[in-house]
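Each chain, letter by letter, is given below.
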Amino acid sequence: MKISFVLNGNKVECEIEKNERLLYTLREKFSIKSVKEGCAIGECGTCTVLIDNEPHYSCLTLSSKVNGHDVKTVEFLNSKNGLHPLQEAFIKEGAVQCGYCTPGMLLTAYSLLIKEKNPDINKIKEAISGNLCRCTGYKQIVDAIKAAHSNKNWDIIPKKQEIEVLKKKKEDILKALTENKGYKVIAGGTDLLVKERKEERKYNYIELSNIDDLNMIKEEGDRILIGATVTHTDLNKNEIINKKAKSLAIACGTIGSPQIRNMGTIGGNLVNASPAADSIPPLLIHDAICVLESLGRIKEIPLSDFIVAPYKTSIEENELLSCIKITGLYGYEEGYEKVAKRASLAIARLSVAWAIKEKNGIFEDVRLSIGSCTPMPFRPKDMENFLKGKKREESVIKEAVSMVLKGIIEKSGMRPSYRYKLPVLDGLITKILRG
Ligand SMILES: Cc1cc2nc3c(=O)[nH]c(=O)nc-3n(C[C@H](O)[C@H](O)[C@H](O)COP(=O)(O)OP(=O)(O)OC[C@H]3O[C@@H](n4cnc5c(N)ncnc54)[C@H](O)[C@@H]3O)c2cc1C
Ligand code: FES
Ligand code: FES
């Protein structure tokens with residue numbers, strides 16, 4: 001297959017092989033050796049490139065995906081006579097030792113600084129949270145990024161090079177799914193390409209990039225429609241989701257790292273069906289419905305029935321998850337709590353999505369959903385019903401929490417991890433119900 005894209009400001013073309021990854025294309029076909037393979041599974045950031053000015057891991061990006069897009073590597077920064085002020089700041093602040101992480105760090109920093117003129121320290125830390133440095137230490141790197149912003153002597157907004165993007169239609173995908181038995185749909189690739197790597201095999205893929213029908217968020221009556229290829233970054237930032245499904249916006253903002261959130265999609269998160277998937281608990285409290293399409297047929301299934309076992313859904317081989325419909329909640333307090341081993345790049349050990357409507361100290365409606373505890377995330381409906389119309393007071397909260405904990409043990413027995421998880425869950429739900 002031939003692809004064309006903009007590389008560091010120049011239009012380029014090349015032939016790629018089946019399942020070729022961008023990391024390989026850049027190193028072997030364009031001799032760009034600043035893009036390096038560290039972990040190859042999306043955890044270190046040494047392979048970071050900018051696609052349309054946003055950081056992505058090139059080790060988990062199919063090269064076909066950048067067809068028609070803008071790709072930048074660190075060479076872009078010093079393409080104009082000498083070092084870029086950001087590079088100079090890294091040297092001045094002592095933010096480079098072995099240099100292995102440096103190209104990726106510079107690119108993520110550059111992406112932040114072209115969007116935010118004066119980011120605070122937390123924003124800088126968040127932006128580089130998908131790039132590991134194992135020798136310099138982060139303080140100097142953060143200081144360098146902070147210092148670079150104050151140097152006004154650089155081209156802040158890069159000019160856009162136009163290149164034709166070949167748009168596909170949903171119908172093309174449905175047809176391909178019918179005609180190509182055994183092919184897998186690939187969206188962001190953050191689950192599939194890790195799996196492919198671990199299994200040392202090559203799947204046949206049908207790609208979901210550049211399909212507008214699948215990449216939208218819109219309202220239809222009291223429902224919100226979310227296209228399956230919407231990324232976690234877009235959900236985290238979207239105005240409708242922040243207003244009417246806040247727990248989903250928060251949950252998507254906790255997934256992986258900025259690079260993983262720019263690549264991973266909500267559809268992929270659901271079809272992968274991990275018990276720890278962050279989008280599932282919030283979607284459950286919003287009564288999510290999965291829209292499954294095959295040629296000439298559309299099916300709607302509640303998310304609670306779509307996931308049938310850990311890592312298993314009821315989707316059929318010729319079906320595409322095209323959209324997720326959720327109910328927007330009005331007048332609720334809403335949130336998402338994730339317990340994990342560290343702040344970034346961490347899978348939930350326990351998670352709770354919640355939405356509470358209360359009037360004059362009385363619970364009108366309580367929605368709760370628990371992830372990463374039982375084989376599948378679930379809503380404790382008996383507790384939700386129990387709380388309806390009850391006063392927000394300690395004895396009621398205590399009884400509600402004990403109903404949840406008892407229900408979990410009845411569902412899945414006393415697992416070894418429950419010695420740790422149940423007391424944590426007790427504390428979390430108590431805190432949430434107390435408000
Ligand atoms: C380093 C790292 C950190 C991560 N951290 C988190 C985390 O904190 N929380 C979390 O929940 N997940 C995490 N993940 C997992 C992953 O990023 C998410 O599950 C992501 O949402 C998957 O989406 P994707 O588009 O990349 O899926 P893909 O890898 O493209 O696909 C995943 C599965 O879904 C299928 N699929 C995708 N889209 C469709 C569709 N529209 N219709 C039918 N089938 C489809 C594919 O065939 C495949 O079986 C992490 C992954 C990595 C590598
Ligand atoms: S090589 Fe480690 S994230 Fe890509
Ligand atoms: S400078 Fe050595 S890993 Fe960051």
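Residues numbered from 1 in each chain as written. Chains lettered and ligands numbered in written order. Predicted model: local features only at pLDDT ≥ 70, side-chain atom pairs only at ≥ 80, totals over all residues.

1. Regarding the packing of helix α2 (residues 85–92) against helix α5 (residues 138–150)
Logical step 1: Remark: α2 packs on α5, axes separated minimally by 8 Å, with the N-to-C direction vectors making an angle of 135°. In terms of orientation, α2 and α5 fall into the oblique class. Of the two possible hands of crossing, α2 and α5 adopt the one that is right-handed. In this structure, α2 uses Pro85, Leu86, Ala89 and Phe90 to contact α5, whose residues at the interface are Ala144, Ala147 and Ala148.
Logical step 2: Across the contact of α2 with α5, the residue classes tally to 7 nonpolar, no polar and no charged. (Axes fitted to C-alpha atoms, helices over the stretch in contact; angles between N-to-C directions. Helix = DSSP H or I, 4+ residues; strand = E, 2+ residues; numbered from the N terminus. Parallel < 35°, antiparallel > 145°, perpendicular 65-115°, else oblique. Left-handed = near helix turned anticlockwise from the far one by under 90°. Contact = placed C-beta atoms within 7 Å. Nonpolar A, V, L, I, M, F, W, Y, C, P; charged D, E, K, R; others polar.)

2. Section: the site of ligand 1
Logical step 1: Taken together, 33 residues lie around ligand 1, and Ala187, Gly188, Gly264, Gly268 and Asn269 are the ones closest in.
Logical step 2: When residues of the shell around ligand 1 are traced back to their parent elements, those giving at least two are β6 (184–186), α7 (192–199), α11 (258–263), α12 (266–272) and β14 (320–327).
Logical step 3: Per-element tally for the shell around ligand 1: the top contributor is α12, with 5 residues.
Logical step 4: Broken down by class, the residue content of the shell around ligand 1 amounts to 18 nonpolar, 11 polar and 4 charged. (Near = placed C-beta within 6 Å.)

3. Describing the nonpolar core
Logical step 1: Leu106, Ala109, Cys290 and Ile324 are the most contacted members of the largest nonpolar core, which has 117 residues in total.
Logical step 2: Looking at this core, you find at least three residues from each of domain 1 (2–150) and domain 2 (341–434).
Logical step 3: Not counting residues within four places of it along the chain, the set of residues in contact with Cys290 comprises Leu270, Ile301, Leu303, Phe306, Leu321 and Ile324. (Core = buried A, V, L, I, M, F, W, Y, C linked by C-beta atoms within 7 Å. Buried ≥ 20, exposed ≤ 12 C-beta atoms within 10 Å, placed from the backbone. Domains from an automatic or database assignment.)

4. Some thoughts on the domain arrangement of the chain
Logical step 1: In terms of domains, the chain is made up of domain 1 (2–150) and domain 2 (341–434).
Logical step 2: Once you take the C-alpha centre of each, domain 1 and domain 2 turn out to be 41 Å apart.

5. Digging into the sheet that holds strand β16 (residues 350–359)
Logical step 1: One open sheet holds the 3 strands; their spatial order is β15-β16-β17, and the pairing between them is antiparallel. The open sheet is flanked by β15 (333–339) and β17 (362–371), the only strands paired with a single partner. Sheet twist, expressed as the average angle between the axes of neighbouring strands with direction ignored, equals 15°.
Logical step 2: The pairing of β16 with β17 spans 9 bridges and is classified as antiparallel. Paired with Ala353 across the strands is Ser369, a residue of β17.
Logical step 3: Set on the sheet, helix α10 (residues 246–253) makes contact with β15 and β16; between it and β15 the angle comes to about 25°.
Logical step 4: Packing of helix α17 (residues 418–434) onto the sheet brings it into contact with β15, β16 and β17, and relative to β16 it is tilted by some 25°. (Pairing = 2+ DSSP bridges.)

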